[in-house]
Amino acid sequence: MNTTAFFEAHRARLFGIAYRMLGSVVDAEDIVQDAFLRWQQAEAEVTNPAAYLTTIVSRLCLDHLKSARVQRETYVGPWLPEPLLTHEHPEQEAEQADAVSTAFLLLLEALSPVERAVFLLHDVFSYSYDEVADIVDKTPTNCRQLAARARQHLHAQRPRFDVPPDARHRLLDRFLGACNSGEVEGLRELLEADAVLYSDGGGKVVAALKPIYGADKVTRFLLGIMRKAPPDARLVRTTINDEPGLLVYVGGTLDAVWSFDLTDTQVRHIYVVRNPDKLRHVHG
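Definitions and limits used
- Residues numbered from 1 in each chain as written.
- Predicted model: local features only at pLDDT ≥ 70, side-chain atom pairs only at ≥ 80, totals over all residues.
- Heavy atoms only, no water.
- 1 Å grid on protein atoms, 1.4 Å probe; cavity = no way out; pocket = protein on both sides within 12 Å on 5 of 7 lines; lining within 4 Å.
- Points joined across faces, edges and corners; volume = space filled by probe spheres on them.
- Helix = DSSP H or I, 4+ residues; strand = E, 2+ residues; numbered from the N terminus.
- Nonpolar A, V, L, I, M, F, W, Y, C, P; charged D, E, K, R; others polar.
- Core = buried A, V, L, I, M, F, W, Y, C linked by side-chain atoms within 4.5 Å.
- Buried < 20%, exposed > 50% of the residue type's maximum accessible area, 1.4 Å probe, protein only.
- Contact = heavy atoms within 4.5 Å.
- Pairing = 2+ DSSP bridges.
- Expected span 1.5 Å × (residues − 1).

Caption draft 1: Representation of the layout of surface pockets in the model. Put simply, the largest pocket is a space of about 620 Å³. Surrounding the largest pocket, 26 residues form its lining, I225, A229, V248, D255 and W258 being those nearest its centre. Counting residues per element, the ones that place at least two in the lining of the largest pocket are α8 (165-181), α10 (215-228), β3 (233-240), β4 (243-250) and β5 (253-262). Per element, the largest residue contribution to the lining of the largest pocket is 5 residues, and it comes from α10. Across the lining of the largest pocket, the residue classes tally to 20 nonpolar, 2 polar and 4 charged.

This is the structure:
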């Protein structure tokens, strides 16, 4: 077997599991690489390499989440996943693209690490309950119960909007136009009444320390940002976590990544990542 070729053929799926588990591009890439090194050391004893790699990645993610949960309890301001430029990872769109959205990743945060692993492996990546049980060291019955509990929570909190990409991009065009023109009413009408803006600076750069709730407050916040924007600010349209997004450059340096949770007519959530540690992997 060509070890490297086999691993590369499975890298995208392994990364997809790790990123959805952790919400971090950098940590996901590190864990996938760690799994490869462990497989190389144990290759002679491994009879099912694909299952071995999935198991190692999943268990490393579970271990990582134990420490990550403690870190997030002391995180300054709202925590958001690291943005994933979907066009750089087009293979992720094949694995239920909506399961990589920022809104979905934030919902996963409410699940326990094991619930998250079981749900993702079974519902998103189509592993059987017997396979999942071996991976997370539970019984198939336990895995069914964990998945059902996770599914119930996610479905209750996750409105579904099947919006064509062109409709989402048209809405973003209108949103940006309203922001640039300073039209208060026009901007407010493009926001759902209970719209929320999350800003993640991690305590390292200026950002809102709490989510901003409601169309009126979000409108005022956005127009305030526009008024204070430096003259050399530049926006680059892109796709973030399979949703329309923006890369914001100031003086040639990436300052923020904006992504949006959209219906066909209004903006539900706005996610602004400014923590420089979460932008290091982003290339426009």
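Caption draft 2: Main features of the nonpolar core. Core analysis: the largest hydrophobic core is formed by 50 residues, its most contacted members being Y19, M21, V57, L108, F119 and V136. Elements represented by at least two residues in this core include exactly α1 (3-22), α2 (25-42), α3 (49-73), α4 (102-108), α5 (113-124), α6 (129-136) and α7 (140-157). F119 has contacts with F104, L108, V124, A147, A150, R151 and L154, leaving out every residue within four places of it along the chain. Membership of the second largest hydrophobic core comes to 26 residues, among which are L171, A208, A256 and V272.

Caption draft 3: Broad picture of the environment of I240. Its place among the elements puts I240 in strand β3. On the basis of relative accessible area, I240 is assigned to the buried category, the value being 1%. Between the C-alpha atoms of I240 and C143, which are 97 residues apart in sequence, the distance is 31 Å. Here I240 is in contact with P83, L84, L85, T86, G245, L247, V257, W258 and S259, once residues within four sequence places are set aside.

Caption draft 4: Structural detail: the pairing of β5. Of all 10 residues in β5, 8 are buried; the element is thus mostly enclosed. The pairing of β4 with β5 spans 6 bridges and is classified as antiparallel. The residue bridging L247 from the neighbouring strand is V257, located in β5. Linking β4 to β5, which pair antiparallel, is a turn of 2 residues; within it G251 sits at a positive phi near 60 degrees. Judged from the 6 bridges that link them, β5 and strand β6 (residues 267-273) form a sheet pairing that is antiparallel.

Caption draft 5: Layout of α5. Taking 1.5 Å per residue, 12 residues should reach 16 Å; α5 reaches 15 Å between its end C-alpha atoms and fits that length. α5 sits mainly inside the fold: 9 of its 12 residues count as buried. Three or more residues of α5 are buried, namely P113, E115, R116, A117, V118, F119, L120, L121 and V124. S126 lies just past α5 and shows a positive phi near 65 degrees.

Worth remembering: the numbers are spatial, not functional.
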